[in-house]
Amino acid sequence: MESEKVEFSLRSGNCYYIDWYLQIWDCPYWYTGGEEGYSIFCTLNSSTYVGTTLFCEDDGNGNGGYDGGGGGGNNGNGGGSASLSTQAQAIISSFNLNNNGINNLNAILAAMLEKCGYEFVYNYLKNNNCSFYNVLYNPNTIVGGYDPYTNILTFTNENAITNAFPEEFLHLYQNSYYSGGIGQYSNTGYSNIEFESKIMQDIICVLSGGLCPKYGATQNNGSDYLTWIFEITNNASTFPTYTDLLVKYPNAGNKNYWDFLNDFANDSSRPQYNIPIDYNLLPYALTNLHYS
């Protein structure tokens with residue numbers, strides 16, 4: 001059968017071609033997504049061209065952009081066709097996102113709730129009436145950010161939501177769990193809070209059988225850290241207790257929670273976390289996690 005070329009009219013005159021490549025990277029120690037939004041210690045092994053796609057930007061009839069009013073309620077969703085899922089509405093009081101942002105947030109939250117640890121946190125937040133007061137874009141935010149005093153969640157743009165939301169979701173949980181909130185640890189103890197949120201993501205990942213990014217690892221302990229995560233979860237079968245965190249496992253560099261936290265707080269590759277540790281701040285938000 002002879003093929004026939006069919007042409008379609010496009011809604012936008014702003015069109016361009018995107019080349020797609022299959023790339024293979026070697027990342028023995030890596031950090032990606034979350035609040036940081038970058039990868040390090042990766043080497044590109046190969047890059048193979050696989051094709052080209054014509055991409056046309058919306059002419060304004062679909063995605064309404066970043067505008068929208070202030071105040072309470074579900075406002076500012078641009079084109080108006082997208083809405084927060086019922087699940088998202090339970091933990092978000094108001095928002096100022098465009099349609100793509102709303103869809104991205106709904107999708108990542110739904111995916112998270114398929115994993116036991118995030119499901120527990122979600123139910124904890126609902127049962128304790130804890131929610132984000134507002135969710136919006138702020139170009140001055142580096143990927144994602146959560147203000148523990150205002151409960152406002154910000155993203156650089158719609159594309160940052162998928163990577164950043166899980167960690168900010170856990171920060172909301174930490175803020176509600178620790179008496180007085182986590183704002184009191186903006187100096188001493190900041191590294192505790194950040195490290196704990198990253199461990200929680202890694203634990204939830206291994207318990208779900210995923211290929212995990214080792215958010216809590218450093219440039220010096222990546223292999224030991226991953227071994228430690230499997231040790232404290234009894235080979236990815238259960239959530240750890242505080243006693244599990246205190247054990248110094250020989251297969252994990254003979255280190256425990258406090259040793260890995262010290263590595264994290266002194267990692268020269270991530271100076272934003274080089275903040276004094278609060279040794280009185282125990283990781284009880286982490287050890288409170290369990291199967292729902």
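Sequence positions are assigned chain by chain, starting from 1 and proceeding in written order. Side-chain atom pairs in this predicted model are given and counted only at pLDDT of 80 or more, local residue features only at pLDDT of at least 70, and totals for whole chains, interfaces and linings cover all residues. Side-chain measures were taken over the full set of non-hydrogen atoms in the model, leaving aside hydrogen atoms and water.

Along its length, the protein chain carries nine helices and seven strands. Residues counted as buried form 44% of the 292 residues belonging to the protein chain. Within the protein chain, residue pairs in contact and separated by at least 24 positions form 62% of the contacts whose partners lie at least 6 positions apart. Reported accessibility uses the Shrake-Rupley method at a 1.4 Å probe radius. Residues are deemed covered only where the shown protein chains occlude them. Total accessible area computed for the protein chain in this model is approximately 14500 Å², and 48% of it derives from carbon and sulfur atoms. Note on conventions: DSSP H or I runs of at least 4 residues are helices, E runs of at least 2 residues are strands, and numbering of each starts at the N terminus. Exposed residues in this analysis have more than 50% of their type's maximum accessible area, buried residues have under 20%, and partly exposed residues fall in between, with area computed by a 1.4 Å probe over protein chains only. Any two residues whose heavy atoms approach within 4.5 Å are treated as being in contact.

Right, let's get into empty space enclosed by the protein. Definitions used for this entry: grid spacing 1 Å over protein atoms alone; cavity, a set of points where a 1.4 Å probe fits but cannot get out; pocket, an open set with protein on both sides within 12 Å along at least 5 of 7 lines; lining residue, one with an atom within 4 Å of a point. Grid points are joined across faces, edges and corners, and a volume is the space filled by probe spheres set on the points. Considering all chains together, one arrives at one cavity of 30 Å³ or more under this definition. In this model, the largest cavity occupies a volume close to 30 Å³. Residue lining of the largest cavity: Tyr178, Asn192, Ile193, Glu196, Tyr257, Leu281, Leu282 and Pro283, and that is the complete set. Counting residues per element, the lining of the largest cavity draws most heavily on helix α5 (residues 190-207), at three residues. Along the lines of polarity and charge, the residues of the lining of the largest cavity split into six nonpolar, one polar and one charged. Throughout, the ten residues Ala, Val, Leu, Ile, Met, Phe, Trp, Tyr, Cys and Pro are labelled nonpolar, Asp, Glu, Lys and Arg are labelled charged, and all others, Gly among them, are labelled polar.

Defined by distance alone, a disulfide is two cysteine sulfur atoms within 2.5 Å. Applying the stated criterion across every chain, the model contains one disulfide. Sulfur-sulfur distance for the disulfide between Cys205 and Cys212 comes to 2.1 Å. The disulfide joining Cys205 to Cys212 has a torsion of about -100° about its S-S bond and is therefore left-handed. Residues Cys205 and Cys212 agree in their burial class; the two are buried.

This part covers the environment of Tyr242. Its place among the elements puts Tyr242 in helix α7 (residues 242-246). Placed 45 residues apart in sequence, Tyr242 and Thr287 show a C-alpha to C-alpha distance of 6.0 Å. Not counting chain neighbours up to four residues away, the residues in contact with Tyr242 comprise Trp258, Leu282, Pro283, Tyr284 and Thr287.

All right, on to the packing of helix α2 (residues 99-112) against helix α4 (residues 161-177) then. At a closest axis distance of 9 Å, the pairing of α2 and α4 adopts a crossing angle of 55°. When the interaxial angle is binned, α2 and α4 end up oblique. The element α2 and its partner α4 pack so that their crossing is right-handed. Note on element contacts: α4 touches α2 through Ile161, Thr162, Phe165, Pro166 and Phe169, opposite Gly101, Asn104, Leu105, Ile108, Leu109 and Met112. Geometry is summarised by axes, namely lines fitted to C-alpha atoms with helices restricted to the contacting stretch, and by angles between N-to-C directions that run from 0 to 180 degrees. Between 65 and 115 degrees an angle is taken as roughly perpendicular, under 35 as roughly parallel, over 145 as roughly antiparallel, and anywhere else as oblique. Each crossing is labelled by how the near helix is turned from the far one, with a counterclockwise turn of less than a right angle marking it left-handed and a clockwise turn marking it right-handed.

A turn of α-helix holds 3.6 residues, and therefore any two residues three or four places apart point the same way. Three or more residues of helix α6 (residues 222-232) are buried, namely Gly222, Tyr225, Trp228, Ile229 and Ile232. One side of α6 holds all its buried residues, which, seen down the axis, span an arc of 120°. Each element contacted by the buried residues of α6 is listed here: α5, α7 and α8 (257-265). Taken from the residues just after α6, Asn234 is the one with a positive phi, measuring 55°. What the arc covers is the set of directions going from the helix axis to the C-beta atoms.

With that settled, consider the pattern of salt bridges. Opposite charge on two side chains permits them to pair, given that their charged atoms come into close proximity. A carboxyl oxygen of Asp or Glu within 4 Å of a side-chain nitrogen of Lys or Arg is what we treat as a salt bridge. One pass over the full model with this rule turns up five salt bridges. Here Lys198 and Glu194 are joined by a salt bridge, their closest N and O atoms 3.2 Å apart. On the criterion of helical spacing, the pair formed by Lys198 and Glu194 is a turn pair, its members being four residues apart in helix α5. Here Lys198 and Glu194 have matching classes, each one buried. Notably, a salt bridge pairs Asp267 with Arg270, separated by 3.8 Å at the nearest N-O pair. A residue is classified by how much of its surface remains accessible, and Arg270, at 1% relative accessible area, is buried. In the salt-bridge network here, residues are joined through shared partners; they are Glu167, Glu194 and Lys198.

Moving on: α5. Here a helix's expected span is defined as the number of its residues, less one, multiplied by 1.5 Å. Taking 1.5 Å per residue as the helical rise, α5 with its 18 residues ought to reach 26 Å, and the 26 Å between its terminal C-alpha atoms agrees with that figure. Of all the 18 residues making up α5, 17 are buried; the element is thus mostly covered by neighbouring parts of the structure.

This brings us to the environment of Leu84. Residue placement: Leu84 occurs in the loop between β3 (74-75) and α1 (86-89). Accessibility expressed as a relative area gives 4% for Leu84, which makes it buried. Measuring from C-alpha to C-alpha, the distance between Leu84 and Gly101 comes to 9.9 Å, with 17 residues separating the pair along the chain.

What follows is about the pairing of strand β5 (residues 134-137). Two strands pair under a simple rule: DSSP has to find at least two bridges between them. Bridge analysis of strand β4 (residues 95-96) against β5 gives two bridges, and the strand direction is parallel. Bridging from a neighbouring strand, Phe95 pairs with Val135 of β5.

What follows concerns unusual backbone geometry. Look at Asn151: it is not a glycine, yet its phi comes out positive at around 60°. Assessed through its relative accessible area of 23%, Asn151 is described here as partly exposed. Phi angles above zero are rare outside glycine, and Asn235 is one such case at about 60°. Using a relative accessible area of 61% as the deciding quantity, one classes Asn235 as exposed.

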